[in-house]
Amino acid sequence: MATEHRTVIIVGGGPAGLPLTVVLGGWHPYYRGSDLFQERYPQLDTFLQTADHSLLGLDFPSIVQTGIQPADLFRLIHHPGMKFRSPDQIAYEFRKGEAIDYLLITQEKVGGLWNNVPRNLLTLSPGQWMEFGFYPLYQHFQEQGLNIDVNDLIIKHNLVNYYHTVPKRFEQLDHIHTGERVEEIRPHEKGFHLTTCDVGTETTHPYTCKYLIYAVGQRSIPRRLDVPGEDLPFVSRRYDHFDDYPGEHVLVVGGGRSADWAVTELHDAGRHVYYVMRQPFANHWRLISDSHHLPYYQRIAEIIESKSTRFDILYETHVKKMEENGRVTLTSKNREQTICVNHVILEIGAWSDYSLLQGFPDLQLVEKHDPYRFQVHQVSTHPHNYESRAISNLYPGGYLAEGIGLIVYAMHGTTYAIAGDILQKEGLL
Ligand SMILES: Cc1cc2nc3c(=O)[nH]c(=O)nc-3n(C[C@H](O)[C@H](O)[C@H](O)COP(=O)(O)OP(=O)(O)OC[C@H]3O[C@@H](n4cnc5c(N)ncnc54)[C@H](O)[C@@H]3O)c2cc1C
């Protein structure tokens, strides 16, 4: 089969990879200023007023030398206030120019892990923090005839619909392959050689590219408990909706935000929930207390404080084994106990998969975590363009780049520094 060559290939179509399609597809940001931006960041406003070209052409190394990270600069231009007041506050606008030759390859629909989160899940952040600069959520809702406040938390289906709309809305459908999984990436004289496979088939495709944006997210390899019975049919690795768990007794193993969501919903749907985690009470309670602004965290606090008889929460506890008949053996502080359940749900997180990259120098991974549990191995990158220090022309997408905060609001600005760097290297600006 002939090898297809592209200038840029993006792997992964989540909130990190997807916006790069539109920007590489020719939609470039131009500074227009706004009253709010000028009032809050007058020095940046003065500096940006001098940019008579697209913001992708900024001198990013000099900007970093002044102590400003490109991702933060673009975040402030996009969100000069944390709250959305009106579209006029956004201090850049997008104009369509020349596209660069690129392809996005992703194994599921665009929108990344949001395709698979629980059906009723609400974001942790205001809806507008999940948006892309070239397509404010406010504009999307107006175009869809939806009356939704973009400062509210947003429910999964509204968010994923927003992401699904982007390729067609910005005429990038021809540059996006969904249902195709990248199996291996190797060095090549042109830059990178990729082997992909159509999901659910044996059909493979070879590609080469000069620049590679590696935006596979942090959920590529599910963690395992590594205990007997982990793969039995009554054990699920993902929670979607309480209707999927008709029996009365459900054990949830976790302790992070995904597990907290599942236990709260299952309890309120009338199930008897056993909630098991390795961490002590104090850590979990800190996460709950710090998240009290979120309605579902107020609810889990109420359930725990009410000492509901249908909610058994076991801290500093490990699962030892699971058996066919629903028996689960738990150990806590050298004490063993057995419970009988209809279902087990494992919400124990996952790791980013860097093993696809074969035959390259070591990526130099650094650990990043929030104050609770969520953690990612980030790739050591140059601060001005988010390019790997170890592998030239490889850009870890979104928060896989060193130092980037673990939410969309913090990572979206990397889009413009990465696209700008590639276009500058190609002499296209
Ligand atoms: C339960 C949960 C709730 C969250 N809530 C919020 C929130 O409210 N606000 C917020 O800002 N962030 C939140 N986050 C963080 C979340 O990770 C980001 O919102 C965002 O989805 C990360 O985007 P991403 O593109 O980096 O990764 P992902 O969304 O994971 O997208 C990566 C994509 O790459 C694909 N992929 C992986 N490997 C391959 C391969 N080999 N070949 C082809 N495709 C591949 C994946 O299948 C996926 O579609 C939450 C995370 C979780 C788990």
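In this text the structure is predicted, and so the values were computed from the model without any measurement.

Student: Kindly report on the site of the ligand, identifying the contributing residues and their values.
Tutor: Contacts to the ligand come from 29 residues, most closely from Glu108, Leu124, Ser125, Tyr399 and Val408. Contact distances for the ligand include 2.8 Å between a nitrogen atom and a side-chain N or O atom of Ser125. One of the side-chain nitrogen or oxygen atoms of Tyr399 is found 2.3 Å away from an oxygen atom of the ligand. Protein chains shield 95% of the accessible area of the ligand, which is 980 Å² for the free molecule. Residue assignment for the shell around the ligand shows that the elements contributing at least two residues are β5 (122-126), β8 (180-188) and α11 (408-411). Residues that form the shell around the ligand fall into these classes: 15 nonpolar, ten polar and four charged.

Student: Outline the pairing of strand β10 (residues 204-214), listing residues and values.
Tutor: With eight of its eleven residues buried, β10 lies for the most part within the structure. Where strand β1 (residues 4-11) and β10 come together, seven bridges link them in parallel fashion. When the sheet's bridge partners are listed, Ile10 is paired in β10 with Ile213. As paired elements, strand β9 (residues 191-198) and β10 share six bridges and run antiparallel to each other. Residue pairing across strands places His193 opposite Thr208, the latter belonging to β10. Adjacent in sequence and paired antiparallel, β9 and β10 are bridged by five residues, among which Gly200 carries a positive phi angle near 85°. In this structure, β10 lies alongside strand β23 (residues 394-396), joined through three bridges in parallel fashion. Among the inter-strand pairings, Leu212 is bridged to a residue of β23, identified as Leu394.

Student: Just give me the short version of the sheet that holds strand β16 (residues 317-322), but keep the residues and values in it.
Tutor: Taken together, the three strands give an open sheet; going across it, the order is β16-β17-β18, and neighbouring strands pair in antiparallel fashion. Lying at the two open borders of the sheet, with one neighbouring strand each, are β16 and β18 (335-340). On average, adjacent strands in this sheet sit at an angle of 30° to one another, irrespective of strand direction.

Student: How would you sum up helix α5 (residues 70-78)? Please name residues and give values.
Tutor: Taken across its nine residues, α5 has eight buried, putting it largely inside the fold. Listing the buried residues of α5 in full gives Pro70, Ala71, Leu73, Phe74, Arg75, Leu76, Ile77 and His78.

Student: I'd like a description of the sheet that holds strand β14 (residues 272-276), backed by residues and values.
Tutor: Strands belonging to one sheet form pairs held by backbone hydrogen bonds; the direction of such a pair is parallel or antiparallel. Strand order in the open sheet formed by five strands is β12-β19-β13-β14-β15, and the pairing between neighbours is parallel. At either margin of the open sheet sits one strand with a lone partner, and together these are β12 (235-236) and β15 (311-314). Summarising the sheet, strand β13 (residues 249-253) and β14 pair through five bridges and their orientation is parallel. Looking at the pairing, Val253 lines up with Val276 of β14.

Student: How would you sum up the packing of helix α6 (residues 137-144) against helix α7 (residues 156-169)? Please name residues and give values.
Tutor: Remark: α6 packs on α7, axes separated minimally by 11 Å, with the N-to-C direction vectors making an angle of 85°. Taken together, the axes of α6 and α7 are roughly perpendicular relative to one another. Across the interface between the two elements, Leu137, Gln139, His140, Glu143 and Gln144 of α6 pack against Asn161, Tyr162, Thr165 and Arg169 of α7.

Student: Any details on the domain arrangement of the protein chain? Residues and values, ideally.
Tutor: You can read the domains of the protein chain as domain 1 (4-220 + 351-425) and domain 2 (224-348). Between domain 1 and domain 2, the C-alpha centre-to-centre distance is 34 Å. Listed by partner, the interface residues are 14 residues for domain 1 and 20 residues for domain 2. Of the roughly 1500 Å² buried between domain 1 and domain 2, counting both surfaces, carbon and sulfur atoms make up 50%. Across the domain 1-domain 2 interface, the total number found is one salt bridge. A salt bridge links Arg119 to Asp240, with the nearest nitrogen and oxygen atoms 3.3 Å apart.

Student: Summarise the packing of aromatic side chains; cite the residues concerned and give the values.
Tutor: Scanning all chains against the criterion turns up 26 aromatic pairs. Aromatic pair Phe94 and Tyr416: ring centres 5.9 Å apart, planes at 50°, arrangement tilted. In this pair, Phe94 is assigned in strand β3 (residues 92-96) and Tyr416 in helix α12 (residues 414-425), connecting sequence segments 322 residues apart. Tyr416 sits in the buried class, given a relative accessible area of 0%.

Student: Please give an account of the state of the cysteines that cites residues and values.
Tutor: Enumeration according to the criterion identifies zero disulfides in this entry. Cysteine Cys197 remains unbridged, with the sulfur of Cys209 as its closest cysteine sulfur at 18 Å. The buried category is assigned to Cys197, whose relative accessible area is 12%.

Student: Please set out the environment of Ile348 residue by residue, giving values where relevant.
Tutor: For Ile348, the location among the structural elements is in the loop between β19 (343-346) and β20 (350-351). Taking the C-alpha atoms as reference points, Ile348 and Gly413, 65 residues apart in sequence, are found 29 Å from one another. Here Ile348 is in contact with Arg223, Arg224, Leu225, Val253 and Gly254, once residues within four sequence places are set aside.

The rules behind the values
- Residues numbered from 1 in each chain as written.
- Predicted model: local features only at pLDDT ≥ 70, side-chain atom pairs only at ≥ 80, totals over all residues.
- Heavy atoms only, no water.
- Near = heavy atom within 4 Å.
- Polar contact = N/O pair within 3.5 Å; in protein donor to acceptor, adjacent residues only side chain to side chain.
- Areas by Shrake-Rupley, 256 points an atom, 1.4 Å probe, with all protein chains shown as cover.
- Helix = DSSP H or I, 4+ residues; strand = E, 2+ residues; numbered from the N terminus.
- Nonpolar A, V, L, I, M, F, W, Y, C, P; charged D, E, K, R; others polar.
- Buried < 20%, exposed > 50% of the residue type's maximum accessible area, 1.4 Å probe, protein only.
- Pairing = 2+ DSSP bridges.
- Axes fitted to C-alpha atoms, helices over the stretch in contact; angles between N-to-C directions.
- Parallel < 35°, antiparallel > 145°, perpendicular 65-115°, else oblique.
- Contact = heavy atoms within 4.5 Å.
- Domains from an automatic or database assignment.
- Buried area = accessible area lost by both parts, 1.4 Å probe.
- Salt bridge = Lys/Arg side-chain N within 4 Å of Asp/Glu carboxyl O.
- Phe/Tyr/Trp six-rings, centres within 6.5 Å; stacked < 30°, edge-to-face > 60°.
- Disulfide = S-S within 2.5 Å.

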